[in-house]
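# Secondary and tertiary structure notes
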Amino acid sequence: MFYYVLKYVVLGPVLRLLFRPRIEGLENIPEDGAAIVAGNHLSFSDHFLMPAIIKRRITFLAKAEYFTGPGIKGRLTAAFFHSAGQIPVDRSGKDAGQAAIREGLGVLSKGELLGIYPEGTRSHDGRLYKGKVGVAVMAITAQVPVIPCAMVGTFEIQPPGQVVPRIKRVAIRFGEPLDFSRYAGMENQKAAIRAVTDEIMYAILELSGQEYVDEYAAKVKAAEQEAAQPRKFPKLRR
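What counts and what doesn't
Residues numbered from 1 in each chain as written. Predicted model: local features only at pLDDT ≥ 70, side-chain atom pairs only at ≥ 80, totals over all residues. Heavy atoms only, no water. Core = buried A, V, L, I, M, F, W, Y, C linked by side-chain atoms within 4.5 Å. Buried < 20%, exposed > 50% of the residue type's maximum accessible area, 1.4 Å probe, protein only. Helix = DSSP H or I, 4+ residues; strand = E, 2+ residues; numbered from the N terminus. Contact = heavy atoms within 4.5 Å. Phe/Tyr/Trp six-rings, centres within 6.5 Å; stacked < 30°, edge-to-face > 60°. Pairing = 2+ DSSP bridges. Axes fitted to C-alpha atoms, helices over the stretch in contact; angles between N-to-C directions. Parallel < 35°, antiparallel > 145°, perpendicular 65-115°, else oblique. Nonpolar A, V, L, I, M, F, W, Y, C, P; charged D, E, K, R; others polar. Polar contact = N/O pair within 3.5 Å; in protein donor to acceptor, adjacent residues only side chain to side chain. Expected span 1.5 Å × (residues − 1).

With 32 residues, the main nonpolar core has I36, V146, F180 and I200 as its most contacted residues. Elements that contribute at least two residues to this core include exactly β2 (35-39), β4 (87-89), α5 (96-109), β5 (113-116), α6 (134-142) and α8 (190-208). Aside from chain neighbours lying at most four places away, what touches V146 is I36, A38, A139, E176, P177, L178, F180 and I200. If you look at the next biggest cluster of nonpolar residues, it comprises 22 residues, including A35, F60, Y117 and M151.

Here the focus is the packing of aromatic side chains. Summed over all chains, the structure comprises three aromatic pairs. For the ring pair F44 and F48, a centre distance of 5.3 Å and an interplane angle of 70° mean the geometry is edge-to-face.

Spatially, β1-β8-β7-β2-β5-β3-β4 is the arrangement adopted by the seven strands of the open sheet, whose pairing is mixed. Edge positions in the sheet fall to β1 (22-24) and β4, since each has one partner strand and no second. Sheet twist, expressed as the mean angle between neighbouring strand axes with direction ignored, is 25°. Looking at chain direction, strand β3 (residues 58-63) and β4 are connected through three bridges and run parallel. Following the sheet pairing, L61 is matched in β4 by I87.

Moving on, we come to the environment of F81. Here F81 is to be found in helix α4 (residues 71-83). Considering only alpha carbons, one finds F81 and A62, 19 residues apart in sequence, at a separation of 8.3 Å.

With that settled, the discussion passes to the packing of α6 against α8. At a minimum axis separation of 8 Å, α6 and α8 run at an interaxial angle of 105°. It follows that α6 is roughly perpendicular to α8 by the angle criterion. Residue-level contacts link V135, A136, V137 and I140 of α6 to I193, V196, T197 and I200 of α8. Grouping the constituent residues of the contact of α6 with α8 by class yields seven nonpolar, one polar and no charged.

Mapped onto the secondary structure, H41 falls in the loop between β2 and α3 (46-53). When its relative accessible area of 5% is taken as the criterion, H41 is described as buried. Engagement of the side chain of H41 in a polar contact is seen with the side chain of D46, the distance being 3.1 Å. Residues in contact with H41, not counting those within four places in the same chain, are D46, H47, Y117, E119, T121, R122 and S123.

In this section: α8. With 19 residues, α8 ought to run about 27 Å at 1.5 Å a step, and its terminal C-alpha atoms sit 27 Å apart, in line with that. By the burial criterion, the buried members of α8 are A192, I193, R194, V196, T197, I200, M201, A203, I204, L205, L207 and S208. On its buried face, α8 sits against β2, β6 (128-129), α6, β7 (146-152), β8 (171-174) and β9 (212-213). Of the residues trailing α8, G209 is marked for its positive phi of about 70°.

What follows is about α6. Among the residues making up α6, those that are buried are V135, A136, V137, M138, A139 and I140. Where α6 ends, the next residue or the one after it, Q143, has phi of about 55°, a positive value.

Read these as layout, nothing more, since geometry by itself doesn't imply function.
Spelled out as structure tokens, the structure:
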């Protein structure tokens, strides 16, 4: 109930008024039945803008940190994401990927829309990064279509570290559904899930026009942060 109050009464109309999103390909979202909407992830604003313009309810797998923040801000953020029907996923530990897949398949088993960012994290520089294979495992296992989505302009309105977004028009593009039924039963084959993931990422790339980086975003970001740290030299003995 609260999801639809946010969508149609509280948040949705405000977002449409402020950012006047140009929407392309909305007809590619199926009117019913399970499907995955896989998009690029440029900004915190993506969490709100895409659901605001999709007619159906869409459930995202959100990082657990949104639900465990300290203080009043943390509690308010957690309450908001819970009320919006988002599912917390712990991204730490070796079983994190499997946990996300289980949660995602649970959503799809109910015939609902699942939203996922295959990059696994927000892009820190506006480029599109290599996709993680969880989206492929879910698409093949559940035998559901994948609708590629590109958020365009959201990095400019709210890059990492900016709390209040700039008021500027954005675009949201949906591509034609991708059918991976030819891979049925191959969700445990590394070559198959890599091929499916790369096909999804290429479809997103065509919609977004971003520069592509064939490495994982988290790895590149960590390497850049480490390189930016001042080097420590051992003290010389006298």
